[in-house]
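What follows is each chain in one-letter form.
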Amino acid sequence: MNITILSLFPEILRGFFESSIMARAVERGLVSYTLTDIRDYATDKHRKCDDELFGGGPGMLMKPEPLSAALEAAGARQARVVYVSPGGRLFNQAYAGELAHEERLILLCGRYEGIDQRVIDTYVTDEVSIGDYVLSSGEVAAMVLVDAIYRLIPGVITGESLEEESFEGGLLEYPQYTRPALYDSMTVPDVLVSGHHANIARWRFKKRLEKTLLYRPDLLQGKGLEGDLRALIKELTEQGGE
Ligand code: SAM
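So, how was this worked out
Residues numbered from 1 in each chain as written. Predicted model: local features only at pLDDT ≥ 70, side-chain atom pairs only at ≥ 80, totals over all residues. Heavy atoms only, no water. Helix = DSSP H or I, 4+ residues; strand = E, 2+ residues; numbered from the N terminus. Rg over C-alpha atoms; globule rule 2.2 N^0.38 Å. Contact = heavy atoms within 4.5 Å. Areas by Shrake-Rupley, 256 points an atom, 1.4 Å probe, with all protein chains shown as cover. Lys, Arg positive; Asp, Glu negative; His and termini not counted. Charge placed at Lys NZ, Arg CZ, Asp CG, Glu CD. Buried < 20%, exposed > 50% of the residue type's maximum accessible area, 1.4 Å probe, protein only. 1 Å grid on protein atoms, 1.4 Å probe; cavity = no way out; pocket = protein on both sides within 12 Å on 5 of 7 lines; lining within 4 Å. Points joined across faces, edges and corners; volume = space filled by probe spheres on them. Nonpolar A, V, L, I, M, F, W, Y, C, P; charged D, E, K, R; others polar. Near = heavy atom within 4 Å. Polar contact = N/O pair within 3.5 Å; in protein donor to acceptor, adjacent residues only side chain to side chain. Sits in = over half its atoms within 2 Å of the grid points. Domains from an automatic or database assignment. Salt bridge = Lys/Arg side-chain N within 4 Å of Asp/Glu carboxyl O.

Caption draft 1: Seen up close, the overall build of the protein. A count of helices and strands for the protein gives nine helices and seven strands. Whereas a compact globule of 242 residues would reach a radius of gyration of roughly 18 Å, the protein reaches 23 Å, over 25% beyond that. By sequence separation, contacts in the protein at least 24 residues apart represent 74% of the contacts at least 6 residues apart. Surface summary for the protein: the accessible area is close to 14,200 Å², and the carbon and sulfur share equals 51%. Within the protein, the 37 negative side-chain charges are centred at a point lying 2 Å from the centre of the 26 positive side-chain charges.

Right, here's the structure in full:
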């Protein structure tokens, strides 16, 4: 996958691409990237990229000309162009999976009050929010998207690691433990050291369901809850009341 990120502060993003799993994915040719400084496309001597709002109001808006020049240079008309924005469609694991199939992705980071609507209308295919809160700029949101997306590209991490992660099958992940078996007077659940694989799988499934019911019951809504799952929900609700 080739990723281009357009930003007024690309240095914020550099460390992310040069570290850890991403650095390895780049080295192995699974991901390539370009960080574009939008200011390089400003044409006036002050390299101005923002201006006041028509209609009044506080704050500044990113001007259309440097943005469109940067987008044209990035080949935006032939690519999926994502503008990260609190006003966009809510990002989730399924959306990350969908974007992971793209060969080429352009991400546009806003600053100030955001960007001129005409740029959105001309180039943006997806306006995406990472949650119901307002960040001061789009770089962190762009990193959130890229991080969730690139790890789903085949070969970046092992398929097994992805299989029982949170949101797979609409459930959150089960609690996990590592050595030592006794830590600060706390042990690990007996079943996990029993070596009984079927019981471990059942315990983990039950814990996934328990946690999902507790924190994210919305994930279970609209699912065809069949057999085992129905019985477990009944068992858990009988044990725990609510
Ligand atoms: N005036 C905008 C509004 O009320 O919708 C907020 C602009 S925000 C201060 C500046 C930039 O941060 C946005 O253009 C966007 O790129 C980014 N941003 C802020 N919150 C975000 C969120 N929840 N998801 C994605 N991007 C966000």
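Caption draft 2: Quick peek at unusual backbone geometry. Following R179, the chain continues into P180 via a peptide bond in cis, with omega recorded as 5°. With respect to the secondary-structure elements, P180 resides in the loop between α7 (159-163) and α8 (197-215). Phi at D184 is positive, roughly 50°, even though this residue is not glycine. The topology assignment puts D184 in the loop between α7 and α8. Residue D184 is classed as exposed on the basis of its relative accessible area of 58%.

Caption draft 3: Examining the layout of surface pockets more closely. Within this model, the largest pocket holds a volume of roughly 320 Å³. Y83, V84, S85, P86 and L135 are the residues nearest the centre of the largest pocket, which is lined by 24 residues in total. Counting residues per element, the ones that place at least two in the lining of the largest pocket are β5 (80-90), α5 (117-123) and β7 (126-129). Among the elements that make up the lining of the largest pocket, the one with the highest residue count is β5 (four residues). A class-by-class count of the residues in the lining of the largest pocket yields 12 nonpolar, nine polar and three charged.

Caption draft 4: Molecular detail of the site of the ligand. Close contacts around the ligand come from 19 residues, with Y83, V84, G110, Y133 and L135 the closest. Take V84: an N or O atom from its main chain is 2.6 Å from an oxygen atom of the ligand. Take I130: an N or O atom from its main chain is 3.1 Å from a nitrogen atom of the ligand. Considered on its own, the ligand offers 590 Å² of accessible surface; in the complex 82% of this is hidden by protein. Taking a 2 Å distance to the grid points as the criterion, the majority of the atoms of the ligand fall inside the largest pocket. Ranked by residues supplied to the shell around the ligand, first place goes to β5 with four residues.

Caption draft 5: Highlighting the domain arrangement of the protein. For the protein, the assigned domains are domain 1 (2-158) and domain 2 (164-240). On a C-alpha basis, the centroid separation for the pair domain 1 and domain 2 is 36 Å.

Caption draft 6: Structural view of the pattern of salt bridges. The full count for this structure, using the stated rule, is 12 salt bridges. A salt bridge links K63 to E65, with the shortest nitrogen-to-oxygen separation between them at 3.6 Å. In this structure E65 comes out as partly exposed when scored by relative accessible area, which is 46%. Two residues, R77 and E72, come together in a salt bridge whose shortest N-O distance is 2.7 Å. R77 gets classed as exposed once you look at its relative accessible area, which sits at 54%. Classification of E72 by relative accessible area gives partly exposed; the value is 38%. What emerges from the salt-bridge pattern is a single network uniting R80, R89, E98, E102 and D126.

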